[in-house]
Amino acid sequence: MLSSIGVPGLIIILVLALILFGPSKLPQLGKAVGDTLREFKKSTREMVDDVKEPFEVDSKKEEQN
């Protein structure tokens, strides 16, 4: 996803963020984005584990038979 943006795109995004939020708010904004991404990854991982679990139990039962 980020590989398609490229360096010039990232520079433009950073300059726009600096203009919109100012230098004092950027660390807070970065922390909020990081926390949001971390929570999203955690939720996604939990959901995938919940979906995988029944299939893993079934495959273990088949291996025992």
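Everything here concerns the structure above.
Computed from a predicted model, the values in this text were never measured in an experiment.

Peer 1: Which residues make up a nonpolar patch on the surface, and what are the values?
Peer 2: Judged by side-chain polarity, V7, I11, I12, V15, L16, I19, L20, F21, L29, V33 and L37 come together as a nonpolar surface patch covering roughly 1,100 Å² of accessible area. At the level of secondary structure, the elements contributing two or more residues to the nonpolar patch comprise α1 (6-21) and α2 (26-64). The greatest single-element share of the nonpolar patch, amounting to eight residues, is contributed by α1. For L29, the location among the structural elements is in helix α2. Assessed through its relative accessible area of 32%, L29 is described here as partly exposed.

Peer 1: Provide a residue-level description of the pattern of salt bridges, including the pertinent values.
Peer 2: If the charged atoms of two oppositely charged side chains come close together, the side chains can form a pair. Taken as a whole and judged by the stated rule, the model has two salt bridges. Here D35 makes a salt bridge to K31, at a shortest N to O gap of 3.1 Å. With D35 and K31 both in helix α2 and four residues apart, this pair spans about one turn of that helix. Note that D35 and R38 form a salt bridge whose closest N and O atoms lie 2.7 Å from each other. In this pair, D35 and R38 both sit in helix α2, three residues apart, roughly one turn of the helix. Taking the relative accessible area as the measure of exposure, R38 reaches 55% and is therefore exposed.

Peer 1: Which residues make up α1, and what values do they have?
Peer 2: Spanning 16 residues, α1 covers 22 Å between terminal C-alpha atoms, matching the ideal 22 Å at 1.5 Å per step. Looking at the residues trailing α1, positive phi occurs at G22, about 80°.

What counts, and where the lines are drawn
Residue numbers restart at each chain and count upward from 1, following the sequence in its written direction. Reporting of local features is limited, given that this is a predicted model, to residues whose pLDDT is at least 70; pairs of side-chain atoms are given and counted only at 80 or more, and all residues count toward the totals for whole chains, interfaces and linings. Derived side-chain values reflect all non-hydrogen atoms in the structure, with water molecules and hydrogen atoms excluded from consideration. Exposure above 30% relative accessible area and the absence of a salt bridge qualify a residue for a patch, where like charges join within 9 Å and nonpolar side chains (Val, Leu, Ile, Met, Phe, Trp, Tyr) within 5 Å. Where accessible areas are quoted, they stem from the Shrake-Rupley method and a 1.4 Å probe; at the residue level, only the protein chains shown are allowed to cover. Within this document, salt bridges are pairs made up of a side-chain nitrogen of Lys or Arg and a carboxyl oxygen of Asp or Glu, the two lying within 4 Å of each other. A run of H or I in DSSP becomes a helix once it reaches four residues, and a run of E becomes a strand once it reaches two; helices and strands are each numbered from the N terminus. Each residue is placed in one exposure class: buried if its accessible area under a 1.4 Å probe, protein chains only, is under 20% of its type's maximum, exposed if it is over 50%, and partly exposed if it falls in between. Expected span of a helix, by definition, is 1.5 Å for each gap between consecutive residues, and there is one gap fewer than residues.

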